[in-house]
Amino acid sequence: MAAVKTQAPERAQGGGIAGALKGSLQQLLAFASLIVIAAFFSFASPYFFSYGNFTAILFSTVVIGTLAIGTTFVIIAGGIDLSIGTGMALCAVMSGVFLVKLGLPLWLGVPAAVLFGGLIGLVNGINVALLKIPPFIATLAMMLVAEGLALVLSDSTPIYFTEAPGYTEISTGNLIPGVNFPNAVLVLLVVALIAGVLLRKSVLGRYTYSIGSNEEATALSGIDVRRWKIAIYAFAGLFIGLAGVLISARLGSAQPATGMGYELQAIAAVVIGGTSLSGGKGSIVGTLIGALIISVLNNGLQIMSIPQEWQNVILGCVILVAVYTDRIRKKEL
Amino acid sequence: MSEPILHITGLNKTFGPVHVLHDIDLDVRAGEVTALVGDNGAGKSTLVKCIAGIHGADSGTVEFQGKPVHIRSPKDAAELGIEVVYQDLALADNLDIVQNMFLGRERGSSWLLDEASMEKAARETLASLSVRTVKSVRTPVSALSGGQRQTVAIAKSVLWDSKVVLLDEPTAALGVAQTRQVLDLVRRLAEQGLGVVLISHNMADVFEVADRIAVLYLGRMVAEVHTKDVTHGQVVELITAGRSGDIGLARPEHAVL
C-alpha cells in the first residue's frame, strides 16, 4: 500500500514513458513530415524561407485551423461534420447582416456571428443525436442548407465591411506593436490552447473521447450520450462561427459562395494530424500540425509556380500517405 | 440469517407476446455471493437488466434495504448503489484505467478534472481488492488482457460505495489463471460486505464462490438453495429440467402450469 501511494502521478493517456511515446508518435511523425516538407521548399525556392513568408503561411492556416479544431472534437466523438465550409460562409454573411445591414456594434455583432455558428452546430447535434440521422447525411444536408441560406441572405452579392470600422482589424491588425504578426494568428493560437485544455482536462473532452471510443459503455456509465453529442456539435459550431468572422475580417467582405471545399481541407488536416475517423483518438496539437502541413504545401507549391490542379493532386497523395503510415504504425506497435 | 439487502417479489417481464420472466422472487444478502444460474434463454440477463433499470419490469416489487423502490433507469440503480458488470464489458478502449473507472462520475470541476484525486482513488480501490496485475493505472484499457479488463470493470463497480454488484458471466472468456483472479475478486467483494450476484454457466465457479444458488428455468425461479445443501448433479438437473427430487418445480401430475 505504502509503495503504491508514493507513486508519482502519471501522465494521463498512455502509461509511463513507453505509453507517452506511443501516444505522441503520430504527432511526432506529423511534425517530422512538416519539417521535411518545409526543408524541401527552403532548398527548392529562395523565397520560401523568410519571416514574411512564414507569417503568410500562419495567416493562411488560420481559417482551416479554426475549422479543424472544432471538427477534431466531432471526429474524436465518432462523428463527421461536412457543414463547416458553407456554414462558415453563412456565418460570414450573418456577420455582415449583423454589422452592416443591422448596424450592430462590433462587441455585439461579432459574438452574435460566432454564436450563429454554434446554432448551426446545435441543429447538427439535434439531427444526429435526437433524430438519429447518420452524421454524414445530417451534416451534408446542413452543408446545402447553409450554402443556400448564405446566398439568399446576401442576395448572392458580397457584403463589404466598409461601414463597420475596425472589423478587419480582428484578422489583419497587429495587437503586438511593432511586429508584423496578424491578430488572426493570435486568435488561432488562443482558441487552440483553450480547445486543447478542454479536450484533455474537461468533462466535455473526456466524454468526447469516451463516446467515440465506446458509445454503449458511455451510456451504461450513466452518461446522457444524446445531450453530450449535441453539446459537442454545438461547441464545434462555435468554431464555424469564429472561422466565418476571421475569414470575412481578413477579406474585408463576406463572400457568400466561398465556403465549399473548406470542410474537406479541414477534415484532411484533422486526419493528417492523427485523429482517427473511427473515433476515440486524436489531439488538438496533431490537428494544428495537420493544418500547417496543408498550408505549407499550398504555399510552397505556389511559390514554385506549380499549377493549382497539381497542388490538389499532391495534397490528396499526402492525405493518403498520412493515413497509410498511421495504419502501418498501428500494426507494428 | 440477515435481512436481504435486495428483495424482489413477483417480478414479471414480457417482450411483446413472449413472457420472459414469470413471478420471479429473488433475495440478495449483503456479504454473500448469490449465483444466478440457468440455461441459455432462461432469463438470467433479462432479470439482471430489470434490476439494473435497463428494462422496466411489468409487475412485481423491489425492496432495497427494506424500502420499496422503483428502478426506471441505470441512473436510478446507480443512485441506490446497484452496479452491474456487463458480459461485454462496458469499458471505453481508448481511455485509460482511471478514466474508465471514473467515467460518468468524474471528480473536480467540469472544466478542470481532478486527475490526481481520481488516480489516487483508483489505485486505492485496486489495492483494496488486492489487484496486483495491473502495472500502471494510466494504461489504456485496449492494452489490457481479458482478465485485467474484467478486473477493471469490477473495480469500477465498487469504486462507488456500491451495495449490490451484479456480475454477468465475468469468467466466460477467460483462461484458467485469469478465472482464478476474477473469482478471488468476487469472493473479496462479498467479504467487504457487498451483496454479490454472479451469473455463470460454469458449475465449478458457482460451487467455488457462491453461498447460495438461484436457478432460473424457462423464466421461472425454480429454486433458491444454499450451495452446501446441493450437489453439482442436482443443480444441473434443476437447470435442465427445472426439478431435482424434492427441489424445484412440482412433479407434472401435481403441477398447475
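Up top is the structure these notes are about.
Quick caveat, the model's predicted, so the values are computed rather than measured. (Residues numbered from 1 in each chain as written. Chains lettered and ligands numbered in written order. Predicted model: local features only at pLDDT ≥ 70, side-chain atom pairs only at ≥ 80, totals over all residues.)

Chemist: Got a sec to walk through the overall build of chain A? Specific residues and values, please.
Modeler: For chain A, the count of helices and strands is 14 helices and two strands. Taking 333 residues into account, the globule formula puts the C-alpha radius of gyration at 20 Å, and chain A, at 20 Å, falls close to it. Evaluated residue by residue, chain A yields a buried proportion of 50% over its 333 residues. Across chain A, every contact between residues at least 6 apart in sequence was considered, and the portion connecting residues at least 24 apart equals 78%. (Helix = DSSP H or I, 4+ residues; strand = E, 2+ residues; numbered from the N terminus. Rg over C-alpha atoms; globule rule 2.2 N^0.38 Å. Buried ≥ 20, exposed ≤ 12 C-beta atoms within 10 Å, placed from the backbone. Contact = placed C-beta atoms within 7 Å.)

Chemist: Explain the overall build of chain B to me, using residue names and the numbers behind them.
Modeler: On a plain count of helices and strands, chain B comes out with eight helices and twelve strands. Against the compact-globule benchmark of 18 Å for 257 residues, chain B has a radius of gyration of 19 Å, which places it among compact chains. Relative to its full complement of 257 residues, chain B shows a buried share of 49%. For chain B, the proportion of contacts with a sequence separation of at least 24, taken over those separated by at least 6, is 65%.

Chemist: Would you mind going over the pairing of strand E8 (residues 195-199) of chain B in detail, with residue names and values included?
Modeler: Residues and elements named next belong to chain B. The element E8 is largely enclosed, with a buried count of five among its five residues. Alternating residues of E8 divide into Gly195, Val197 and Ile199 and Val196 and Leu198, and every residue in both groups is buried. Across four bridges, strand E3 (residues 33-38) lies against E8 in parallel orientation. Directly across from Ala35, in E8, lies its bridge partner Leu198. Note that strand E7 (residues 164-168) and E8 share five bridges and pair parallel. Residue pairing in the sheet places Leu167 in a bridge with Leu198 of E8. What joins E7 to E8 is helix H6 (residues 176-191), and the crossover it makes is right-handed. (Pairing = 2+ DSSP bridges. Right-handed = clockwise from strand over helix to strand, strands pointing away.)

Chemist: Account for the packing of helix H5 (residues 106-130) of chain A against helix H11 (residues 225-251) of chain A, with residues named and values stated.
Modeler: All names here are of chain A. One way to put it is that H5 packs onto H11 with a least axis distance of 6 Å and a crossing angle of 145°. Viewed along their axes, H5 and H11 form a crossing whose handedness is right-handed. Taken together, the residues of the contact of H5 with H11 sort by class into 23 nonpolar, eight polar and two charged. (Axes fitted to C-alpha atoms, helices over the stretch in contact; angles between N-to-C directions. Left-handed = near helix turned anticlockwise from the far one by under 90°. Nonpolar A, V, L, I, M, F, W, Y, C, P; charged D, E, K, R; others polar.)

Chemist: Could you give an account of helix H12 (residues 262-272) of chain A, with specific residues and numbers?
Modeler: All names here are of chain A. Counted residue by residue, H12 has ten buried out of eleven residues, so it is predominantly covered. The complete set of buried residues in H12 reads Tyr262, Glu263, Gln265, Ala266, Ile267, Ala268, Ala269, Val270, Val271 and Ile272. Directly after H12, the chain includes Gly274, whose backbone phi takes a positive value near 95°.

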